[in-house]
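# Architecture and fold: a report
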Amino acid sequence: MKHANYRQHYLLAFTLIALMSVMISSTLLSDYYIGEDFLTIRLAKGLSEGYGPVYNAGETSLLTISPLRLIPFALTNNFEALSALMHSSGLAFLSIILPIFLRDKKINTRESLVITLIVVVSYPTWSGMRSVESIMITLFILSLIKLDNRKYGVASILLGIVSIIAPSGIIALIIGFIYAIARQNTDANQSTSATFYIFAMIPLALWVGGWAVVHGLESINGLAYLLTATPATSSDWVWLVIFMISAGYLYRIADNKMLYIFPLWATLDIVTPILYNGAPVQITSIPVSITIGLSTTLFIRHYARSNLLVHSIALVALGTIAFMLPPTTPAQIVNARNIAQSVSIPRNASLLHDHSPALAYFIDNFSGTVFHFNGQYQPHIESFAERDDLQSMIVALAPDFILTSTTDEIIFDSTNLTGLQYEQSPIEENLWHRQADVRRFSEDSSATTISFSPDVTLTGYNLDQIRVHGDNVLRIRLDWTLNRTPEDAIGVNISLLDIDQIPAVSIFTRFPMENWQSDNLSTYHSLALPEDIDSGLHNIQVGLDYRAGLLGVYRIAPVIVPFEGLEPTDNPIGRLGSVNVFVLETRAENEQLQLDLAWQTTEILNRDYRVFIHITDMDNLQPITQDDGFPLNGRYPTTFWLTEDVIDETRTVNISELASGTYRINLGLYTPADGRLQGGEGDYIFIGTLIVDEDRSAEVMLNND
C-alpha cells in the first residue's frame, strides 16, 4: 500500500512536470527566436508553395537533412504558435519517457524526478524555437528502450526517423549505433545484426541520395550550412562551464556506464560546430541539460547525507540560474525586425540585403525571393561574397530591392550599375529600388578560348538576351580562368559596336585584385543602351586593362537591336521558303531603281541569306544589271529574324546602262554554299516589269497591280 502511494505521488509529480514544461516553454518561447528558426521557416514555405524545401524557387541546394520537421510548418502560417506547441509537447513527452529509461539505469524515481525537472527548467533557457529537438530526443530515448528490450526492428525505425527529424539527428544516429555496440559488448544476450544499422540509415540515405540523383552532387554542398549557428551568448558560456564540470563528475561516479551517451552526445553537439565555425556557438542541446541533471543527482547520491534536502537546494540553484539567464532573442534579429517594420516591399519582389535572415520573415506580407550579401544558404552566389565582388553579385541577381547598411561599399552610380537604375527610397535611406527591366540569363553558356595573356583566359560568356531594345539594359557574364593571381586591379572594358565598328555604348569597370582570388571566376556587367541606338546587328567587344596597359581587345558575341514600328501585312508579293516578301513602294528616277521592301519569316532561319535583284530581258533570265548583298548591308542577318519581326529596307539598282524597253525585275535569296532559296514559282520572285522610255524616264508595273 505504501509503495502504491509512492507510485501515485510520483505519477502525479511527473504529470505536473509535463504540464509545467508546456507552461514554461509556451511562456518563455512565445516571442523568442534564434537564427536557425528562419531557415526552417524558409524551407517550409517552399514546401507549402510547391517548389520544394529550398531557399528560393528554382534553386536546388539541399539545406537540411531534416525534412520531417518542415511538414508541420508547411501546413500553417503561425510559426510561433506551432513551434511553441511542438516544443512544449516534446518536453512533456520527454518528461514521461526519460524517467522510464533512467529507472533501468539504476536511477531511482526521486532522482529521475529531479533530473527531469532540471531538463524542463534549464533547457528552454538556451534552446530557443528548436521546436522538434525535444520530440527528436524523446524518440531517440524510446529507441534505446526498445534496444534494451531487444526490439531491434522498432529501434531501427525510430532511429531512422530521428535522423531526419532534427539537424542534430545525425549525431543521435551515431550515438544510437554506439549504444547498440556497447550493449552488445556488455550483454551476451544482445545481438544486433547489420540489418539493424542498415535499416536505421535508410531514411537519411534516401533523402540525401535521392536529392543528389535528382539535382546533382553539387546540390548537396549546402549541407555545410547545418554547422553554422548563432554565436554563443553569456548564458551559453555559463551553461557550457556547468556542463563541463558535470560531465567530469558523471565520468567519475556513474554506476551504469551506458549513461555516458549523454555527455558524449552533448560534447559532439557542442564541439562539431565549434570546429567548423572556429568559435563557440549558441547551445541548443538537450543532452547538455540531461548531463547536468545526471551529474547533479549522482553527486548528491554519493556525497550528501540528506538527499531530499540537497536535491531541493540543487533544483532551486539551477532554477535560479535558469531564470536569471532568460532566453534573449539575438540583437541582429531584433534589429532586423525593427527595420522590417519601416520598409514596404511588394509581396513577390526579390530582395538582396545584409541583415539577419529574419528580415524577410518580418517584412509584412512578403514572400518573394531573398538573397544575402554573404551568400548564406546560397552556394551559387557565395563565391561573390568570398571574393568581395559586390558589383558582380548585384548585376548577376538584379534584385528588385537592395537593403543595405553599408552603401559606401556599393557605388550605385558606377558605370557597371547605372544601367540597372537603382533609386534610393525617399522613406528608408538604405533601401534601393531597381527601375530598369531585366531578363533572366539563359542556362547554357557559350564557350570560348580567348587568351588575353598567358595568365588570363576568357573561357565563356552568357547574355541575358541577344535581342535588346533601345533604352533597355543588357547584362553580360564573363567566365575567366587565371593561371596566376594578379598583383593589382584589372579593368574590364565592354563596348557594343555597330556594323561600322562605332561604339554605341561602353562601360569600364575596375575590379580590385581581391575580386580575382580564384582560379575560375565570373564577372558580371550591365550595359544601358541609348534610346536612339540604331537597329540591327551589334557586336560585344571586351578589353582588359592591367597596370595602365591594354592586354587585348576581342569581339565575343553578336546582339541584335530589332526594328520597331512596322506592322505585318497580308499581301506579300511572293514567298521564298518561309520568307514572305513585300514591296512597299517603288521609285525609278535619276537612273536608279529603288525598291522599298519588307521581309517577314514564318520560321526561324538557320542560314544568313543574301538578296539579289536582277533586271533582265523579258525572255532571258541573264541579269543585265543587278543589286546583290546581305539584307540591310549586313546590319540584320537573317539568322536573327524572328517570326514577329517585319524588317524593312530600301535596295537600289543602277539602271543607267539600260536601253529603252521593257524588263523583268526578279528577286531572290541565296547563300554561296547552298544556292537559292526555293519559292512557289521557283528560285526567285517576279516582282514586276520596268519600262524605260526613250527620254530615260522609267516606271515600274508591279506583278500584283
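Residues numbered from 1 in each chain as written. Predicted model: local features only at pLDDT ≥ 70, side-chain atom pairs only at ≥ 80, totals over all residues. Heavy atoms only, no water.

A word on the overall build of the protein. When helices and strands are tallied, the protein shows 18 helices and 23 strands. Counting across all 705 residues of the protein, residues that qualify as buried make up 54%. Across the protein, every contact between residues at least 6 apart in sequence was considered, and the portion connecting residues at least 24 apart equals 67%. A total accessible area of about 31,800 Å² is found for the protein, and carbon and sulfur atoms account for 54% of it. (Helix = DSSP H or I, 4+ residues; strand = E, 2+ residues; numbered from the N terminus. Buried < 20%, exposed > 50% of the residue type's maximum accessible area, 1.4 Å probe, protein only. Contact = heavy atoms within 4.5 Å. Areas by Shrake-Rupley, 256 points an atom, 1.4 Å probe, with all protein chains shown as cover.)

Right, let's get into the pattern of salt bridges. Counted by the stated rule, this structure contains 19 salt bridges. The closest approach of N and O atoms between Asp596 and Arg587, which form a salt bridge, is 2.8 Å. Asp596 sits in the buried class, given a relative accessible area of 12%. Arg651 serves as the salt-bridge partner of Glu649, at 3.0 Å between the closest nitrogen and oxygen. Here Glu649 and Arg651 have matching classes, each one buried. Residues participating in the shared-partner salt-bridge network are Asp104, Lys105, Asp148 and Arg183. (Salt bridge = Lys/Arg side-chain N within 4 Å of Asp/Glu carboxyl O.)

Turning our eyes to something else, we now look at the sheet that holds strand β8 (residues 473-482). The strand order β6-β7-β8-β11 describes an open sheet built from four strands, whose pairing is antiparallel. At either end of the open sheet lies a strand with only one pairing partner, and these are β6 (446-453) and β11 (520-528). Pairs of neighbouring strands in the sheet enclose a mean axial angle of 30°, with direction left out of account. For β8 and β11, the ladder comprises nine bridges, and the chain directions are antiparallel. Residue Val473 lies in a different strand from β11, and its bridge partner there is Ala528. Packing against the sheet, helix α18 (residues 390-397) makes contact with β8 and β11, and its axis sits at approximately 65° to β11. (Pairing = 2+ DSSP bridges. Axes fitted to C-alpha atoms, helices over the stretch in contact; angles between N-to-C directions.)

Ranked by size, the top nonpolar core spans 76 residues in total, and within it Phe101, Phe140, Ile141, Phe196, Leu294 and Ile345 carry the most contacts. Counting residues per element, this core draws most heavily on helix α4 (residues 79-103), which supplies nine residues. Ignoring anything within four residues of it in the chain, the contact list for Phe196 reads Leu147, Tyr152, Ala155, Ser156, Leu159, Phe177 and Ala180. The next biggest cluster of nonpolar side chains, apart from the first, holds 35 residues, and it includes Ile560, Val611, Ile615 and Leu690. (Core = buried A, V, L, I, M, F, W, Y, C linked by side-chain atoms within 4.5 Å.)

Turning our eyes to something else, we now look at the pairing of strand β18 (residues 623-629). Across six bridges, the pairing between strand β17 (residues 610-617) and β18 is antiparallel. Bridge pairing in β18 links Thr616 to Pro623. Counting the residues in the hairpin turn of β17 and β18 gives five residues.

Attention now goes to α18. In an α-helix, one turn spans 3.6 residues; hence positions three or four apart end up facing the same way. Of all eight residues in α18, eight are buried; the element is thus mostly enclosed. Those residues of α18 that fall on the buried side of the exposure criterion are Leu390, Gln391, Ser392, Met393, Ile394, Val395, Ala396 and Leu397. Looking one or two residues past α18, Ala398 carries a phi angle of roughly 45°, positive in sign.

Right, let's talk about the packing of aromatic side chains for a bit. Tallied over the entire structure, the rule returns 20 aromatic pairs. Geometrically, the ring pair formed by Phe563 and Tyr636 is stacked, given 5.3 Å between the ring centres and 15° between the ring planes. Here Tyr636 lies in the loop between β18 and β19 (647-654) and Phe563 lies in the loop between β13 (549-561) and β14 (574-576), a separation of 73 residues in the sequence. Linked through ring pairs, Phe452, Trp480, Phe511, Trp516 and Tyr554 together constitute an aromatic cluster. The residue whose ring lies beneath Arg42 is Tyr55, and the NZ or CZ to ring-centre distance is 5.3 Å. One residue, Arg664, lies across the ring of Phe686, its end atom 4.3 Å from the ring centre. (Phe/Tyr/Trp six-rings, centres within 6.5 Å; stacked < 30°, edge-to-face > 60°. Lys NZ or Arg CZ within 6 Å of the ring centre and 35° of its normal.)

As a further point, take the packing of α4 against helix α7 (residues 133-148). At a closest axis distance of 7 Å, the pairing of α4 and α7 adopts a crossing angle of 25°. In this view, α4 runs roughly parallel relative to α7, as classed from their interaxial angle. Once α4 is placed against α7, the crossing between them reads as left-handed. Listed contacts from α7 to Met86, His87, Gly90, Leu91, Phe93, Leu94, Ile97, Leu98, Ile100 and Phe101 of α4 are Ser134, Ile135, Ile137, Thr138, Ile141, Leu142, Leu144, Ile145 and Asp148. Grouping the amino acids of the contact of α4 with α7 by side-chain chemistry returns 14 nonpolar, four polar and one charged. (Parallel < 35°, antiparallel > 145°, perpendicular 65-115°, else oblique. Left-handed = near helix turned anticlockwise from the far one by under 90°. Nonpolar A, V, L, I, M, F, W, Y, C, P; charged D, E, K, R; others polar.)

Here the focus is the packing of helix α8 (residues 152-163) against helix α10 (residues 194-215). Direction vectors running N to C along α8 and α10 enclose 30°, while the axes themselves pass 7 Å from each other. In terms of orientation, α8 lies roughly parallel with respect to α10. Helix-helix and strand crossings are classified by hand; for α8 and α10 the assignment is right-handed. Contacts between α8 and α10 involve Tyr152, Ala155, Ser156, Leu159, Gly160 and Ser163 from the first element and Phe196, Phe199, Ala200, Pro203 and Leu204 from the second.

Within the secondary structure, Ser350 is located in strand β1 (residues 350-353). Classification of Ser350 by relative accessible area gives buried; the value is 12%.

Here we come to the environment of Ile687. Along the chain, Ile687 falls in strand β22 (residues 685-692). With 104 residues separating them in the primary sequence, Ile687 and Val583 have C-alpha atoms 8.2 Å apart.

What follows is about the confidence of the model for the protein. Of the residues in the protein, 86% have a pLDDT of 70 or more, and the chain-wide mean is 84. Counting contacts from residues 1-6, a segment whose pLDDT is below 50, to residues more than four positions away or on other chains yields zero contacts. (pLDDT = per-residue confidence, 0-100.)

This part is about the pairing of strand β16 (residues 592-601). Taking burial as the measure, the ten residues of β16 include eight buried ones, the bulk of the element. With antiparallel pairing between neighbouring strands as the criterion, strand β15 (residues 579-589) and β16 make up a hairpin whose turn holds two residues, including Asn590 at a positive phi of roughly 55°. Two strands pair when backbone bridges link them, and β16 and β19 are joined in this way by eight bridges, in the antiparallel orientation. Across the sheet, Gln594 pairs through a bridge with Thr652, a residue of β19.

Structurally, Asp148 is set in helix α7. Polar contacts involving the side chain of Asp148 include one to the side chain of Tyr179, which spans 2.6 Å. (Polar contact = N/O pair within 3.5 Å; in protein donor to acceptor, adjacent residues only side chain to side chain.)

This next bit is on a negative patch on the surface. On the surface, Asp471, Asp500, Glu531, Asp532 and Asp534 cluster together to form a negatively charged patch. Mapped onto the elements, Asp534 comes out in the loop between β11 and β12 (536-546). (Patch = residues over 30% accessible without salt bridge, like charges linked within 9 Å, V, L, I, M, F, W, Y side chains within 5 Å. Lys, Arg positive; Asp, Glu negative; His and termini not counted. Charge placed at Lys NZ, Arg CZ, Asp CG, Glu CD.)

Here we take up the sheet that holds β1. Read across the sheet, five strands follow the order β2-β1-β3-β5-β4 without closing on themselves; strand pairing throughout is mixed. Here the strands that pair on one side only, and so sit at the sheet edges, are β2 (369-372) and β4 (422-424). Across the sheet, the axes of successive neighbouring strands diverge by a mean angle of 25°, strand direction being ignored. Judged from the three bridges that link them, β4 and strand β5 (residues 431-434) form a sheet pairing that is antiparallel. Across the sheet, Glu423 pairs through a bridge with His433, a residue of β5.

Judged by side-chain polarity, Ile170, Ile174, Ile178, Leu264 and Leu268 come together as a nonpolar surface patch covering roughly 350 Å² of accessible area. Of all the secondary structure elements, the ones that give two or more residues to the nonpolar patch are α9 (169-186) and α12 (261-277). No other element matches α9, which puts three residues into the nonpolar patch. For Leu264, the location among the structural elements is in helix α12. Taking the relative accessible area as the measure of exposure, Leu264 reaches 35% and is therefore partly exposed.

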